[in-house]
Amino acid sequence: MSEITISEDAMRMIAQFENLTGAGARDCVVDDKFGRILFVINPGEMGLAIGKKGASIKKASDAFGKKVEVVEYNPDKVQFIRNCFLPVQVMTVTFEEDEDGEVAYVEVRDDDRGLAIGKEGRNIIKAKKLAFRQFDINNVELKQDEEEESDEFDDEL
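Structure report, in brief.

What counts, and at which threshold
Along each chain, the written sequence defines residue order, and numbers are assigned to residues from 1. A pLDDT threshold of at least 70 governs which residues receive local features in this predicted model, and a stricter bar of 80 or more applies before side-chain atom pairs are shown or counted, although totals over entire chains, interfaces and linings include all residues. Each side-chain value is derived from all of the structure's non-hydrogen atoms; neither hydrogens nor water enter the calculation. Where helices and strands are cited, they refer to DSSP runs of H or I of at least four residues and of E of at least two residues respectively, numbered from the N terminus. Accessible area is worked out with a 1.4 Å probe on protein chains only. A residue is then buried under 20% of its type maximum, exposed over 50%, and partly exposed in between. For this analysis, residues touch if any pair of their heavy atoms sits within 4.5 Å. For the area figures, the Shrake-Rupley method with a 1.4 Å probe applies, and any residue is considered shielded solely by the protein chains shown. Here, a salt bridge means any side-chain nitrogen of Lys or Arg that lies within 4 Å of a carboxyl oxygen of Asp or Glu.

On to the overall build of the protein chain. Of the regular secondary structure elements, the protein chain holds seven helices and six strands. The order of α-helices and β-strands along the protein chain, N terminus first, is α-β-β-α-α-β-α-β-β-α-α-β-α. Every one of the 157 residues in the protein chain was classed for burial, and the buried ones make up 41%. Once local pairs closer than 6 in sequence are excluded, the contacts in the protein chain between residues at least 24 apart make up 57%. A total accessible area of about 8,900 Å² is found for the protein chain, and carbon and sulfur atoms account for 48% of it.

Structure below.
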């Protein structure tokens, strides 16, 4: 597991988030490109972080003046990556090494691909940032089964 360095600003935001929601956070990433703050929440504390009908997370978003997104931490990197993509149902997560390091390949249903990627790629970018910070995973990619199958079919012609 990688050594996470948290800036003073991030520590202040974590403390403020914990005071507002009652949920413990173990990491905080400010994503200026999408105007949001990503918090990695302690296992089992998602309910606290979100609050009844989303009240806690809305209160935090209002206080920070940016959208707040939360992902539940899990020491198992497969489950953590699954958590990054919620509410999308992840079918499989596999890992391979390439010249840059470890890459996670995530398989979702075709119907869920758009949601997994997110508007302007925001969901896949969130997964990449958090997987790198928590587990030194250099990249997260969505598997593309249809293309692989059509390539195999072309070889048979």
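Now that the structure has been shown, the text picks up again.
If you walk through the whole model with that rule in mind, you get 11 salt bridges. Of the charged contacts in the structure, one is a salt bridge between Arg133 and Asp27, with a shortest N-O distance of 2.7 Å. Taken as a pair, Arg133 in helix α6 (residues 122-135) and Asp27 in strand β1 (residues 25-31) lie far apart in primary sequence, 106 residues in all. Here Asp27 falls in the buried class, since its relative accessible area comes to 0%. In this structure, Lys66 engages Asp32 in a salt bridge whose closest nitrogen and oxygen atoms are separated by 2.9 Å. Separated by 34 residues along the polypeptide, Lys66 in the loop between α3 (55-64) and β3 (67-72) and Asp32 in the loop between β1 and β2 (36-41) bring together distant segments of the chain.

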